[in-house]
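# Chain and residue survey
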Amino acid sequence: MVAELVDYIMSNKILLGISKGVVVGLFIILYASLMVLFLTWVERKVAARIHVRYGPNRTGPYGLLQPLADGAKLIQKEDIIPYAADRLIFTLAPVFAFAFAVLPFAAMPLADGLILADLNVALLYIIALASLSIIPVIMAGWASNNKYSLLGAMRAAALNLSYEIPLVLSIMGVVLVVGSLNVFDIVKYQTEYIFGIIPKWIIILQPLGFFVFFVASIAEMSRIPFDMPESESELIAGFHTEYSGMKFAMLLFAEYIHMVFGSMLAVLLFFGGWHLPGLGYVLSFLENFLSGFAYTVVKWAIQFGVIVAKALAIMFVLMWIRMTLPRARLHSIPTFYWKYLLPLALINLGITAVAVAVVG
Amino acid sequence: MKYNIEGLEVEEKDGEMILNMGPHHPSTHGVCRLVLKLEGERAKEIIPVIGYLHRGVEKICENRTYPQIIPITDRMDYLSAMNNNLVYCLAVEELMGIEVPERANYLRIIAAELQRIASHLIFIATFGADFGSWTIMMYGFREREMVLDLLEEMSGARFLYSYMRIGGVKRDVSEKFVEQCKKTLNIIEKRLVDYENYINENEILLDRLQGVAKVSAKEAINLGLTGPNLRASGVAYDIRKVDPYCIYDRFDFDIVTRKEGDVYARVMVRIDEIKESIRIVRQALRELPDGEIRAKVPKVIKPPAGEVYARVESPRGELAVYLISDGKSDKPYRIKFRTPAFANLAAFPHFNKNLLIPDLLLSFASIDIVMGDIDR
């Protein structure tokens, strides 16, 4: 019976596409959520170590179950909608925030060949969705009918104008080097070697571009030093002041997914994706033992592990920055982005264009 | 639209927004309420509303005998309880003409200066939280904890000490305390370097602190700023030097001043004051004489009729008490505390016009108010 069903699905192109989409889509949501749960724990532990304290250590080994306990608590909370709030938009904002945060993963490969939608304009799609993430923040800030939320949302909107342009321009540098908007092509480009030894990761070709990308993506994730939209000591919690229970959890999830997304994108664009020097030998060695499907699964698992490990390293740097630096001055941030980062990104783009024209 | 804020009419015009910041807000340090009239994020008008922690300390004092008042003074400025104890005891002693023994005077100074260190450390800690660096906050509390351990060793309490007694102090200290104290001071001195480096070598932070909420020396005097806030504007005024109490005139220390008068100066003055306090405590520990820790005082304290004004330099500025005794009862006729945080908060709205909210809150944190001190 099951075999017949599988056969039927395999034979039908549309059904195959749908079932593949459902499976990979569920996997992405699961993966993003698990990653977020793990990240909240990592962040608390890292913060605690930098603060000279212990961090969560009561729930489970090393406090690993703390995120689950937090989740259980948030589910039990009363779901409050303020009397004067715009009920519809107030409810929709967390949903949108979560959706916009998860959707870019559809076009991001998790391993060689493992992708939900192999678009040839993948980067365009990813950037477009990343800039959409500002909409739920403004929705939440407006619908809460709270002055702090409104101020937070307005700050987010103002900031969004500043960081979005350098972010996109820095990604354009990568696109120029590779000559493709497809993330697969970009990673494939990075699996080659310079002089046969140095891996051709784009960070080596585009150090300035990576710097701009990294600084701009910190603002995109609204983390210290650019956490204006929710600077807790000024605006209580900014746009999510009025949220409680699962709605709050969704907003929090969305924020951490942005962090996962940002570091994943950095890995794919600048740090060679799933490529690791020497990994190719291991894979071809494994190919001797495993056959067909089993080999593919193992290969995917290893490559996915490489991406996650690299992403975690970047996230650690993000946490480190958050714990070390103070919040930047409100009106210095646009100045910084428009006067320093944007010209830097433009210079980088210009140099890259000339280099590509001369060399390639 | 017109609002009535504690009897004050405030009009909200088009493009303006009245924002109630507090009494429950992470950055208003307790239960201060700031009513801000905003234009965008710029605060056009600031109205501090106080009274949320009012307990009627002065009235309660009129119904307590003189020794019973000491624990009440603890609860005014709860971050510098030692100084509150001290100023009250000084007033009663002056009224009764009690001579405090030498060792008690040294212990008082050690206690008061340790309290100043603890208070300034907590200032740096909460200031860190206000500019978004929770690491500095944790560090500040870590060092303060060590000072609290010392104060616990002295008085038996960690927070509300009631250590001073009329005519002396409550308990004597042991050799162990002296050793522990020296060790702690060495550690704190080393870690202060980290604090200074953190502030001085961080472009982002300097950008936030320098030039914000400037007060000139003349303005500072006219507004009645007091304590480190006054000294940050370049006015070398410290009660310990100007009108020495206890035996401060025997100690070698400097008045810390800064010229800038901005938020940065107010932070740095406090860090430097911790250093001066460490100097004073070290001298006191070195010269600590043997002897009595409490003068002979009558069982029932009944000062002669008269009035007295005593003042000390608390971590927040000039703390004074005005005491009237009618000579007939063992309770004061009237007691009035002149608290420094009140003076600083009263001056606050005048030098913070047209600041953005983040700058405003940093400036608010930099004057280091304690609501218990203001509302009493």
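What you see is a predicted model, and the numbers here were worked out from it, not measured in a lab.

On to the overall build of chain A. Helices and strands together make up the secondary structure of chain A, namely 15 helices and 2 strands. Over its C-alpha atoms chain A spans a radius of gyration of 22 Å, differing by no more than 12% from the 21 Å that the globule rule assigns to 360 residues. Dimensions along the principal axes, computed over C-alpha positions, put chain A at roughly 65 × 60 × 45 Å. A separation threshold of at least 6 residues defines the contact pool for chain A, and within that pool the share at least 24 residues apart is 76%. Working note: accessible area of chain A is about 16,700 Å², and carbon and sulfur atoms make up 74% of it. The distance from the centre of the 22 positive side-chain charges to the centre of the 20 negative ones in chain A is 8 Å.

Before going further, it helps to spend a moment on the pattern of salt bridges. Going through the model one piece at a time under the given rule, you end up with 39 salt bridges over all chains. One salt bridge in this structure joins E43(A) and R322(A), with 3.1 Å as the shortest N-O distance. Of this pair, E43(A) sits in helix α2 (residues 13-50) while R322(A) sits in helix α14 (residues 292-324), and the two are 279 residues apart along the sequence. When its relative accessible area of 4% is taken as the criterion, E43(A) is described as buried. A salt bridge links R108(B) to E93(B); the nearest nitrogen and oxygen atoms lie 2.6 Å apart. In this pair, R108(B) sits in helix α4 (residues 102-130) while E93(B) sits in helix α3 (residues 81-96), placing the two residues 15 residues apart along the sequence.

Another aspect to go through is helix α6 (residues 175-200) of chain B. Counted at 1.5 Å a residue, the expected span for α6(B) with its 26 residues is 38 Å, and the 38 Å between its end C-alpha atoms agrees. All of the buried residues along α6(B) are F177(B), V178(B), C181(B), T184(B), L185(B), I188(B), L192(B), Y195(B), E196(B), Y198(B) and I199(B). Where the residues of α6(B) are buried, they touch α14 of chain A together with α4, α5 (134-155), α7 (203-209) and α11 (263-287) of chain B.

Among the nonpolar cores identified, the biggest contains 123 residues, and Y88(B), I110(B), L114(B), M154(B), Y163(B) and F177(B) are the most heavily contacted of them. When residues in this core are grouped by element, the largest group, 13 residues, is from α4(B). If we skip the residues at most four places from it in the chain, I110(B) touches M154(B), F177(B), V281(B), A284(B), L285(B) and L288(B). Listed in part, the 99 residues of the second largest apolar core include V42(A), I134(A), A219(A) and Y243(A).

In the predicted model, chain B carries a mean pLDDT of 87, and 100% of its residues have values of at least 70. If you check the scores for this complex, the pTM reads 0.86 and the ipTM reads 0.79.

This part covers the state of the cysteines. Under the definition given, this model contains 0 disulfides over all chains. With no disulfide of its own, C246(B) lies closest to C89(B) among cysteine sulfurs, the gap being 9.7 Å.

Our focus in this paragraph is the packing of aromatic side chains. One pass over the full model with this rule turns up 27 aromatic pairs over all chains. Ring geometry for F336(A) versus Y337(A): centroids 5.4 Å apart, planes at 70 degrees, classification edge-to-face. For F336(A), a relative accessible area of 29% puts it in the partly exposed group. Assessed through its relative accessible area of 0%, Y337(A) is described here as buried. Among the aromatic residues, those joined into a ring-pair cluster are W201(A), F210(A), F213(A), F214(A), F270(A) and F271(A). The ring of Y248(B) carries the charged tip of R240(B) above its face, separated from the ring centre by 6.0 Å. Lying across the ring of F253(B), K241(B) places its NZ or CZ 4.5 Å from the centre.

Attention now moves to the interface of chain A and chain B. Listed by partner, the interface residues are 24 residues for chain A and 35 residues for chain B. Counting across the chain A and chain B interface gives 2 salt bridges. R155(A) is the partner of E41(B) in a salt bridge, and the nearest nitrogen-oxygen pair spans 2.4 Å. Of all the elements in the fold, those that place two or more residues in the side of chain A that touches chain B are α7 (147-178), α11 (232-235) and α14 of chain A. The element contributing the most residues to the side of chain A that touches chain B is α7(A), with 4 residues. Looking at the side of chain A that touches chain B residue by residue, the class counts come to 12 nonpolar, 5 polar and 7 charged.

All names here are of chain A. Under the defined criterion, the tally for this structure stands at 5 cavities of 30 Å³ or more. In this structure, the largest cavity spans a volume of roughly 240 Å³. Every residue lining the largest cavity is counted, 20 residues in all, and those nearest its centre are S133, V137, E220, S222 and H258. Mapped onto the lining of the largest cavity, the elements with two or more residues apiece are α6 (134-143), α7, α10 (207-220) and α12 (245-270). Split into classes, the residues belonging to the lining of the largest cavity amount to 13 nonpolar, 4 polar and 3 charged. Its volume calculated, the second largest cavity comes out at about 70 Å³. In this structure, the second largest cavity is lined by I127, A130, L167, I171, F213, S217, E220, F261, G262 and L265. At the level of secondary structure, the elements contributing two or more residues to the lining of the second largest cavity comprise α5 (122-132), α7, α10 and α12. Here the residues of the lining of the second largest cavity sort into 7 nonpolar, 2 polar and 1 charged.

Residues and elements named next belong to chain B. One open sheet accounts for 4 strands, arranged β3-β4-β5-β11; its pairing is antiparallel. Each end of this open sheet is capped by a strand with a single partner; those strands are β3 (17-21) and β11 (355-356). Here β3 runs beside strand β4 (residues 33-39); their pairing, made up of 5 bridges, is antiparallel. Looking at the pairing, N20 lines up with V35 of β4.

Attention now goes to the sheet that holds strand β10 (residues 334-338) of chain B. Residues and elements named next belong to chain B. A sheet is described by the order of its strands in space; here 3 strands give the open sequence β8-β9-β10, paired in antiparallel fashion. At either margin of the open sheet sits one strand with a lone partner, and together these are β8 (306-314) and β10. Across this sheet, the average inter-strand angle for adjacent strands is 10 degrees, counted without regard to direction. The sheet strands contacting helix α12 (residues 340-347) are β8, β9 (317-325) and β10, and the helix crosses β9 at an angle near 125 degrees.

This part takes up the environment of A153(A). Along the chain, the position of A153(A) falls in helix α7. Look past the residues within four positions of A153(A) in its chain and what remains in contact with it is V137(A), I138(A) and G141(A).

A separate point is the side chain of Q303(A). Along the chain, Q303(A) turns up in helix α14. Each residue touching Q303(A), except ones within four places of it in the same chain, is listed here: L110(A), A111(A), D112(A), W274(A) and L283(A).

Two packed helices can be described by the angle between their axes and the distance between those axes. Residues and elements named next belong to chain A. The contact between α12 and α14 brings their axes to 8 Å, and the two run at 120 degrees. Between α12 and α14, the angle falls in the class oblique. Where α12 crosses over α14, the handedness of that crossing is right-handed. Facing M259, V260, S263, M264, A266, V267 and L268 of α12, the residues of α14 in contact are I307, K310, A311, I314, M315, L318 and M319. The class makeup of the residues in the contact of α12 with α14 is 12 nonpolar, 1 polar and 1 charged.

Criteria and cut-off values
- Residues numbered from 1 in each chain as written.
- Chains lettered and ligands numbered in written order.
- Predicted model: local features only at pLDDT ≥ 70, side-chain atom pairs only at ≥ 80, totals over all residues.
- Heavy atoms only, no water.
- Helix = DSSP H or I, 4+ residues; strand = E, 2+ residues; numbered from the N terminus.
- Rg over C-alpha atoms; globule rule 2.2 N^0.38 Å.
- Contact = heavy atoms within 4.5 Å.
- Areas by Shrake-Rupley, 256 points an atom, 1.4 Å probe, with all protein chains shown as cover.
- Lys, Arg positive; Asp, Glu negative; His and termini not counted.
- Charge placed at Lys NZ, Arg CZ, Asp CG, Glu CD.
- Salt bridge = Lys/Arg side-chain N within 4 Å of Asp/Glu carboxyl O.
- Buried < 20%, exposed > 50% of the residue type's maximum accessible area, 1.4 Å probe, protein only.
- Expected span 1.5 Å × (residues − 1).
- Core = buried A, V, L, I, M, F, W, Y, C linked by side-chain atoms within 4.5 Å.
- pLDDT = per-residue confidence, 0-100.
- Disulfide = S-S within 2.5 Å.
- Phe/Tyr/Trp six-rings, centres within 6.5 Å; stacked < 30°, edge-to-face > 60°.
- Lys NZ or Arg CZ within 6 Å of the ring centre and 35° of its normal.
- Nonpolar A, V, L, I, M, F, W, Y, C, P; charged D, E, K, R; others polar.
- 1 Å grid on protein atoms, 1.4 Å probe; cavity = no way out; pocket = protein on both sides within 12 Å on 5 of 7 lines; lining within 4 Å.
- Points joined across faces, edges and corners; volume = space filled by probe spheres on them.
- Pairing = 2+ DSSP bridges.
- Axes fitted to C-alpha atoms, helices over the stretch in contact; angles between N-to-C directions.
- Parallel < 35°, antiparallel > 145°, perpendicular 65-115°, else oblique.
- Left-handed = near helix turned anticlockwise from the far one by under 90°.

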